Structure formats: structure tokens, C-alpha cells
Amino acid sequence: MKKTVFFGALMAAGVAAGAAAAATLDDVKARGKLNCGVATGVPGFAAPDANGEWKGFDVAVCRAVAAAVLDDASAIEFVPTTGKTRFTALASGEIDMLARNTTWTFSRDVDLKFTFVGVNYYDGQGFMVPKELGVTSAKELDGATVCIQTGTTTELNLADFFRVNNLSYEPVPIETNAEAQQQYLAGACDVYTTDASGLAATRATFENAADHVILPEIISKEPLGPLVRHGDDEWGDIVRWTLNALIAAEEMGVTSANIAEMSAAAGDNPEINRLLGTEGNLGEMLGLSADWAKKAIMANGNYGEIFATNIGVDTPIGLARGLNAQWTEGGLLYSPPFR
Amino acid sequence: MTTLTDPPRESFRLSMLIYDTRYRSMTIQVVAMICFMLMAAWLINNTTQNLESLGKKIEFGFLAEPAGYDINQRLIDYTSRDTHLRASFVGLLNTLLVAVMGCVLATILGVFIGVLRLSKNWLIARIMTIYVEMFRNVPVLLWIVLFMAVLIETLPSPRAFRGDNATASMWLGDTMAVTNRGVYIPEPLFSRPLGDLPVFGAFNISLELLLLVAILIAGLFGARVIGKRADAVQEATGDRPTTWYIQLGVVLLPLIAALLAMGFHLGYPELKGFNFAGGIHMRNSLIALWLALSFYTAAFIAEIVRAGILAISKGQTEAANALGMRPGRTMRLVILPQALRVIIPPLISNYLNLTKNSSLAIAVGYMDITGTLGGITMNQTGRELECLLMLMLVYLAISLTISGVMNWYNERVKLVER
Amino acid sequence: MSDVSFVRTEMLPQQAPPATSVGLVGWSRENLFSGPVNSILTILSLIFIYFVISGVLHWAISPTWAATSLGECREMIAAAYGEGAGHKACWGVIRERWLQLMYGFYPPYPVVPSANFGAAPEGAWPAFFRPNLAFVLLVLAVVPVLFSNLPRKMLWITAAFPFLLPWLLWGGTLWTPILVALGFVIGYLVMRFAAPVVGTIAGFILAVAVPLLWWGFAIGPLADAFSSVLPLAIPEVQSRDFGGFMLSITIGVVAIGCSLPLGILLALGRQSNLLILRSICIGFIEFIRGVPLITLLFVASTLLNIFLPPGTNFDIILRVMIMVTLFAAAYMAEVIRGGLAALPKGQYEGADSLGLNYWQAQRLIIMPQALKISIPGIVSTFIGVFKDTTLVSIIGLLDPIGLSNSIRADQAWNGIVWELYGFIAVLFFIFCFSMSRYSMYLERKLQTGHR
């Protein structure tokens, strides 16, 4: 803010002139804060608590990046974005990265010109119905009223699914998850469809969660991940490898409990050493300090720990790891090697 | 005799551009024009530069691609394979639908409340005052979500109608179902339909509707002719022949005959599967938006109507009474024409506000043009500039039409000052 | 003979009116039951009022103030009234979140941004000291404008307020607002002393250009220089942390404050007889009035950055403020144009015959009267703008309605509806209702009998 050009009292508040396109890392460092786009409120993934502190699975990715780059997991400005504003916020440089359960699709990558740095949650679109309807398959939903959240890929998948199966339905588009839930519970729609994780999260908060079933059909692939703008590969690398570090840490058994001990001195496992910066110069290659990954992991633990604290089986949301288990345990999480 | 001589011709000096009032306005305008052009050029230049760096071009080709999403309420045929353009058009029709419905209800409510606010009944007047203050002073967005919440939470869901121990039942002898998914009312059906009339190959207009409207207009015209005749007789003889039943017959009989000829009957809603089927489905989102906009705008219209009535001085009524006019004619011939002069311009600008406020439909998921073109289409295609440009142009066209009507009216009723 | 009179010679003593036409009975006969229709209406209204009030009270009276989640509320209600108590309010959410609804994420102690209001850092100002002070100053600044019987010295607060407000809310060094204010002083001085030397027109141009240059180029370095000597700085707060009613009020106040002068200029432009100037003003006003605010907010959130030079990056709240200001200015211009049009032609002609030039005539004769006539319209535009600030929730800003969605996304409060909406509605009502009452008071006061 020091180098601000002032055009009258109003603008004193915030015309920050500076190149937004290139060298995001330098901008972030100069600013001392990471601008991270999150959802305005999705249970377990991003929501502010009573103290105004953002918590959740997506939020943790932001915190890890902030810790890696700025050495401070709280040096973040969280920018709440809606389905409509998220891409322009990123494209215009208002935010440095977007971690808002955003599906990686061809057109978003190629046409909208964003780089998806990886996948932090493998999701798919599912259906939830009240048990009393006696529906066991999505193919039986002919003529049903379906609540959908607008501004997502969900409504396109839904239209395709019903069209392909030659079923009729009545879509009820809704802006926020909270309202969708309200309508579903009141019986204003028979079915609620969104990403399976969201369904589980929503169901977890119901008074009688057991009265609702999630149908077995998953009608789409929804790889959700953080993304950055095209054109700044260095910054993309930082976010990508921070995410990978979290995943690799779980694979290698590095947790927030033992990380202090493990990073104190080089151990037997060279890959852990490289990850934690006790060997090699991976951090330097990224333009960060040698212990960047250590800081990122210490912010909220490794991927498994983040999952467990925010959306795991012990939380009210209660999601099983499923596809999001490590590849060694039959899941899809597979971090490229650190070398 | 003196001769008039021209004042000495001044030669033009540059400073006259500033100091001579004849040229100064020219100078100011030229400067303003240059500033304006520079500003526009600057904006356009920035835009092209930014778009270039984002790698986007301004093009409207995306409108011809399949939209891919479904719209629940559509006045014309539409499927998810239709184009974005058609989806926008569906949205536009929905906007116009809720705007027209809103204006009608808001006017009725507003006049009613405005008159009741002047009621001699203390309690009624107070209740109406509370109504007006309550609706005027809370944001319309809040009213829209509140109405939606009321509809969803208090009305029974279709499930409640099912089974032997149903907790809810249909209204008016099983012809109308009020559920929290909306209201199902009987629909008009014709057993001997005339078919549809395609317009530009884009959508169809039902011929029955056209025919009925044509008959109605013809009937009204006939009734008017009869009324004119009666006037002429009254002027000539002083006695007015009673014509109301003839007029009524001229309007109604052809209409009824046409309906019978086409085999008019009502289709009733029935519970089938998950939902009610048949009948006209007025969705929750439409009802919530419609009621919220109407109740909100009615509070403003009530104030306008009240002010309009109060603006007519008592002397007008007394003068009309002194001429021997009966109260009904006083109202029709003296008070109303004057009150309308005060009432109509702000009334129309409230219609305009209602239409613009209907863009908040997005909060309850009503698929108006903001929800289709400015919502899902914009999200899916990422063409913000093009979508917003079109969206603004559409609203601008609607607004300019309405304010054109208003200006025409103002011009017509303007009091001529010196 | 003469002592017999057939006409009463002395007045009868005045009799008390019949019991049915005085007191409560008389009043209700006259006002409530003056005829069969009125009686029926009255009874119907009484029944209606009874149902509404009993329904609302049944819902609102609910001992759930201490609850920390919706589940806890349900337990408390079941404990107090047994199962099947019907729909009852859950007030715990207001207790837990009301500071958030008021201030959004504004740090309670900007000195230590991470401290929450539960844990006050040592020696800090009271929680939310700055926004609260700004609000008090707002009241102090507005009051002398509103009520003319207050000491005129208070107008100094009004003059200083536009400069203090950004400083208090956003923080930074005090030098910036001081230097910005100095720009106006410089402009005035140039007008005063340079104009006689170089001529009125050139003086006017100078008086505009010099402060612009001052703001554009001198302030940044000067503020840095001064603050390195004497910081006078308070911690900065990002505008992203603004939320809740504070956000609504800030956007509202900024938009209202900036739109009035802008609106006056636009109205004058629209009334002027310079064709090009008039066309530009008409085009602007009709465009802004022709589109809904929400589309302008979409422009603010998605397009404004594209229109500005590459690399410029405003934060979203500032962009929204600009758009809402432009929006309000167009409406304000129409209200003031109405006031201008309502002035009798004689006023303009009188000003001309006195030999006043355009600006003198506007300043001394036209504007004071036109503004007075348009006060009700101006206030209702203010109310409208304040209500319209809720639309920012649609583009993802956390105003009260936006926050109500975030709060409902929290596990503990998932499913709460009425309490939040009711609370927000009541607060908006209080603000807007008091504004509209004030406008009525003003209308009566300024009624100088022109009718």
C-alpha cells in the first residue's frame, strides 16, 4: 500500500497499481499476503466460523500455500467467490489462486485459460432422496423435481443424464447450498443433486440423517482442484508442488506430529529428506526456502490429516476416503516423485 | 432622421472563443466532445488490450451453440439441446411475464391500500400505514427470499397429498392443488383444437388464443359503437336508452359460441408419480417473486394514489356538487382525470422499477433473462462481456419503451404554462 | 302583557354530550363502528391482528438465547415445552453471530489482526473501536446538516468527515487524508488569488488542474515523507474484511455522499442548452436508469477490470462503491432535475435580470430552491440506495444477506432461516424508517407556504 497513487480520498482505499499478469510470487511476497478465492460457504470445504476464521478442506490448501510462500499460514486474504465471480476474480488478478471445489474441465483449462495444478478431491455428481420415496436407482426418477445448485457443471450433467436415459424431470435451480437444503427438507423437491461430497456433507447436518439415502449412481466425474492463471508457470509450479507435498507427505508417513523430528536432520529416506529440505535444493528451484514443504505440511498436517479434520469419517460430514485414498491403498491420489 | 449603421465588424480573435458568449458555448461543447471521445477511446483501448492478454475475442458465435441446461418454466418450446439464444429468449419471456403479472397485481393492491389508508376507520387506516411502512423500508431482496421461505416452509409438499391418511387435500372440489412446489390450477383445453401458428419458425402461437382475443376485441368494439349510439340518442332526445345488456351480450355471446365450437373444457391437476400432472403449474419461484414484487411495489403505489387523491382540492368536489353532479360522475369526470395526471407518471416509473427488480429472480431460482443469459449461459461459456452487453441492452430496450410511453402521456396531459 | 314572552329569553345551560359520543365509546363509535361495513371491517381486522400477533409471539418467545447450535436449540425447546411445541425461534444464532452480522470480518483489534473479540490484547482500544467511532462521527456529521437549530460550528465535523471516514475504516497514515483535504484548500486558494491575475476562466482551469496534479503526483511521496518523520499511522484493514451491516452502511454512505454532487452536475448538464453536453448527460442518465443495479454489479464484479488499464486492480468493494455511486447519481440527477423544473420561470429570468452569470445564478438563486423542493425525493433515493446495497450479496460480498448464507453453511446453524432474515429485516427497517420519518419532518419544516 505504500506505493499507492492517490486520486482523492476515496481511492486512498485501494487502487493498487502493479502488474498482475506476471510474477505472482513476487506480488504475493511484496504484499505479504496470499489472496485466495474460496466458496462463500460449503460445509466442510470452506465456511467462516463465529470468529470470522475460515475453515475447511479447500481453505487448508490456501493455508499450506501461504505457509510455503510466506512462512505464515494466516497471511491470507480469503476472497469469497460465487460460481459466477470465481473465474473473473482469478483472471483479473484479484486472487492469486482459486481453491473453491472447482471441476477441472477441458474448456475451463483451454478456453478460459486456467491451469489446474492438480486434484485435491475426486468427486462425482450424485443424488440424494428421502428414504420414504422408496427409490433405489436414479433411473426411477422419471418426473421428479430436482434441486440443483446453479453456476456449476451440475446442471449440465443433470440435463445430459436425464436426456440420455429418456426421463423427464423438473429442475429447480438454486443459488446456495443452504437454500437447496431448505427446499429439499421441506419437500419442495424430491431429489437433491450435487457433488457426492456435498451431498454427504449436507446429509450429515440433517436432524434425521438416516431418513435420506444417496443413490448409487454417480453421473459425472468431478475432479476438484485448485487453479491458477495461465501464463505464470512458476507460480503454478509452487501451488502444484505444495499440493503434491501434502499428498506425498501422507504417502511417506510424514505427519504434523513427527515432522519436527524428521526435519531436524537428514534421515534414512532420501525422498523424505528432499521433501523436507534436508537434502538437495528443491525449494530453491521453486524460488522458495529449503523448508517450504515442511512449512506447508506444518500448517494443517498432511493430506490425510487435512481430510480427517475437515471432512473425514470422524467429522459431522463423515466422508470415507474412497477414491481419495493414496494409490497404495486403492485410491487415485498419486503424487509425482520429489526428485 | 438618423440612419442605422451596422456596428463595426469585429475581426475574429482567438480569445473570443473563451470570452465571447456567442462562441463560448461552442468551445465548451467541443472540449466536452473531445474529452468524451478521449475517454471512450481510452476505455476501448484498455478493453482490447486486456482481452488480447486474456486471449479472448468479442464474438457472439457462442449464442448458436447448444445451451445444455434445462429451464423449468418456459413459455415456448425449449430443450437442453436448443441454443443459448433460445434459452435467453425463454428467459426474456419469463421476465416479461413476471413483470406484467407484477404490475397488474401491484396496481390493484396499491389502489386498494392507498384508498383504505384514507379510510375513516381508524384501525384499517393504521393497518394500511403499517403495511406501507413495513414493505417500503425493508429491501426487496429480503422480501423475495422471505416469501420464498414462507411458501416452502408452510405449504404441504405433494407427498402430503398421497396415500389414505393424506394430511393435505386439494382446494375447490379437487380442482386446485396448493403445494410447496407451486400451485396447480385447471388448464383450458380444446377438444377440437385449431392448431398452432408458427412465427418465424421460432415459436408457435396457439390459434385458439388468437381467435378468442380477436373475438373479444371485436365484441368490445361493437359494445362501444352501441354506447356511442346511445349517446347520440341522449343528446337528441334527452333520454338514454338502456343498453348495458345488449353491450354485455355483444361481448359475451360470440365468445361463448367460439368456446363451445372448439370444445372448451378444463384439465384438472392430478397426483401422478412424484408430482401433480396436468393443469397449469405456477411454480413457487414465480409465485414468490410475483407476490414479493407486487407487495413491495404496491406500498409505493399506495402512497402515490393517496397523494394523488389528496392533491385534488376539495373545491373541485364542491363545485361539481354545486353543478348537480352525482358522486359517481363527480369521481369519473372531475376528480379522476385530475388525480390521474398526478398519479400516472410516478406509477409508470414504479412499473419500471418493478421490471428492473424482477432481475432479482436469481435469488429464488426463477429463470428470467438474468438467470439464463446473465446466469447459466455466462457461467458456462465464460463470455462475460458479450452476455452482459446483451443483458443490458435488453433491459435498456424494455425501460426505454416504458419511459417512451410515459413521456408520450406526460406530453398529452401537460398543463400549458405561458 | 309585556312580561309574557313566547320565546325563551335566557340561554339553556350547555349540556354534556351523550355518553355514547364521548370518551372511548364515542371515539370507537366514530372511528371504528361508524356503519355496518366499518364494523365488519374492524372486527375482521381485530381477528387478523390477533392471529398475527399471537403467531409471532408464539414463535418469538423461546428460551434459546444460550444455544450454540440448531440441535441444541431443538433440545432446549423440547425441554421447555415438551415435544410438539410447534415452530419456535432459535435465538442462539443471533447471540453467537451478531458481531459478525454487524462488522463482518473486520478485525476487532486491528493492532493484532489475529485476536478475536474473546481475547482482547493488552492495552488495545475497545473492540471495534474504529468502526464504532466512524459511526458516531457519521451521526455527528449528519446531524448539523439535518437539524438547523444546532450550533453551526458542528459543520466542521461534517467537512472533516469525508476525509476521516476512509482513514478510520481502512487505516494507514493520517497524513494522506490531511494532504487530500489540503488539495481542496489549494484549489480554493488558486481560485481566490490566481484568478484576478490570470483571468476568471484561466483561474478556474488552474483551480481544477492544480489540485488534480497535487492529488495525482504530490500526495504519495509527501505522505510517505511525512509519515517517515511522524507516522501518525493506525494499522491497515483490507476492505475484504468489511462485512455485515458495516458494509451496507459504508457502501450506502459513500454512494450517497458522492452521488449528490455528481447528481447535481448531471442534472445541470441535462438542463443546459449545450447540445453535446446535454446529450452526454442524457445518455448517461438514461443508460444507468434503464438497467437494473444487479447488471451494474455484475459489471463491477466481472468486467470493470477489463475496462481499466492492464494491471490495475481495484478491490471488489471499491468497484462496487463506484458502481453504486454512479447508479445513485443518475437517480439523484432526475430528482434534482424535477426540482429545477418545478421552479417558476420567473426565478431564472429574475436571476438573469440581476446580471448574475450562470454559476452565480445557480449558486445563489436556483440551487437553494431546487434542492429544497427535491428534499423528499433525495431522501427517498437515499433510502433506496441503502436498501439496494443488499444486492451485493448476489455477487458474493458478505453483507447481512450474504452472511446469512455463510452462517447457514456452518454445521451448527445449518437449516436456520427465519431468525436471521427477521433480524436483518428489523435492522433495515429501523434505519430506513427513521430516514423516511426525518424526510417528512423536513418537508413540514421547509413548507414555506408556496402552494
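A quick note: this is a predicted structure, and the numbers were derived from the prediction, not measured.

### Some thoughts on the overall build of chain B
Per the secondary structure count, chain B includes twelve helices and nine strands. In terms of C-alpha radius of gyration, chain B reaches 29 Å, well past the compact-globule figure of 22 Å for 418 residues. Expressed as a percentage of the 418 residues in chain B, the buried residues total 33%. Nonlocal contacts in chain B, meaning residues at least 24 apart in sequence, comprise 63% of its contacts between residues at least 6 apart.

### Notes on the sheet that holds strand β1 (residues 177–179) of chain B
All names here are of chain B. Read from one edge to the other, the open sheet built from three strands follows the order β1-β2-β9, with strand pairing classed as antiparallel. What marks the edges here is a single partner per strand, and that holds for β1 and β9 (280–283). This sheet shows a mean twist of 15° between the axes of neighbouring strands, independent of strand direction. Where strand β2 (residues 182–185) and β9 come together, four bridges link them in antiparallel fashion.

### As for the domain arrangement of chain B
Considered domain by domain, chain B is made up of domain 1 (84–141 + 276–413) and domain 2 (206–263). Centre-to-centre separation of domain 1 of chain B and domain 2 of chain B, based on C-alpha positions: 30 Å.

### Thoughts on the nonpolar core
I144, L289 and A292 of chain B together with L297 and V320 of chain C are the most contacted members of the largest nonpolar core, which totals 283 residues. Residue contributions to this core peak at 17 residues, all from helix α8 (residues 284–311) of chain B. If near-sequence neighbours (up to four positions away) are discounted, L297 of chain C is found in contact with V320, M323, L391, V392, I394 and I395 of chain C.

### What to know about the sheet that holds strand β12 (residues 191–195) of chain A
Residue and element names in this part refer to chain A. Taken in spatial order, the five strands make up an open sheet running β11-β10-β12-β9-β13, and their pairing is mixed. One side of each edge strand has no neighbouring strand; the edge strands of this open sheet are β11 (169–174) and β13 (212–214). Averaged over all adjacent pairs, the angle separating strand axes in this sheet is 25°, with direction ignored. Here strand β10 (residues 144–149) runs beside β12; their pairing, made up of three bridges, is parallel. Note that in β12 the partner of C147 across the bridge is Y192. Here helix α7 (residues 177–185) sits on the sheet and contacts β10, β11 and β12; the angle it forms with β10, its principal contact strand, is near 165°. Of the strands in this sheet, β9 (125–130), β12 and β13 touch helix α8 (residues 196–204), which is tilted by about 125° from β12.

### Concerning the pairing of β2 of chain B
Across three bridges, β1 of chain B lies against β2 of chain B in antiparallel orientation. Within the sheet, the bridge partner assigned to T179 of chain B lies in β2 of chain B and is G182 of chain B.

### Details of the confidence of the model for chain A
Parts of the prediction with low pLDDT should not have their coordinates interpreted in detail. Residues and elements named next belong to chain A. Mean pLDDT for chain A: 84, with 93% of residues reaching 70 or above. Looking at the elements of chain A, mean pLDDT is at its lowest for helix α1 (residues 8–11), recorded as 35, and at its highest for strand β6 (residues 97–98), recorded as 93. With pLDDT under 50 throughout, residues 1–21 is counted as low confidence; its partners more than four residues away or in other chains account for 51 contacts.

### A look at the interface of chain B and chain C
On the side of chain C, 43 residues touch chain B, which itself brings 45 residues to the contact. Elements with a contribution of two residues or more to the side of chain B that touches chain C: α2 (21–54), α4 (122–136), α5 (140–154), α11 (369–381) and α12 (384–413) of chain B. Sort the elements by how many residues they give to the side of chain B that touches chain C and α2 of chain B lands first, with 13 residues. In terms of residue class, the side of chain B that touches chain C is made up of 28 nonpolar, 13 polar and four charged.

Cut-offs applied
Residues numbered from 1 in each chain as written. Chains lettered and ligands numbered in written order. Predicted model: local features only at pLDDT ≥ 70, side-chain atom pairs only at ≥ 80, totals over all residues. Helix = DSSP H or I, 4+ residues; strand = E, 2+ residues; numbered from the N terminus. Rg over C-alpha atoms; globule rule 2.2 N^0.38 Å. Buried ≥ 20, exposed ≤ 12 C-beta atoms within 10 Å, placed from the backbone. Contact = placed C-beta atoms within 7 Å. Pairing = 2+ DSSP bridges. Axes fitted to C-alpha atoms, helices over the stretch in contact; angles between N-to-C directions. Domains from an automatic or database assignment. Core = buried A, V, L, I, M, F, W, Y, C linked by C-beta atoms within 7 Å. pLDDT = per-residue confidence, 0-100. Nonpolar A, V, L, I, M, F, W, Y, C, P; charged D, E, K, R; others polar.

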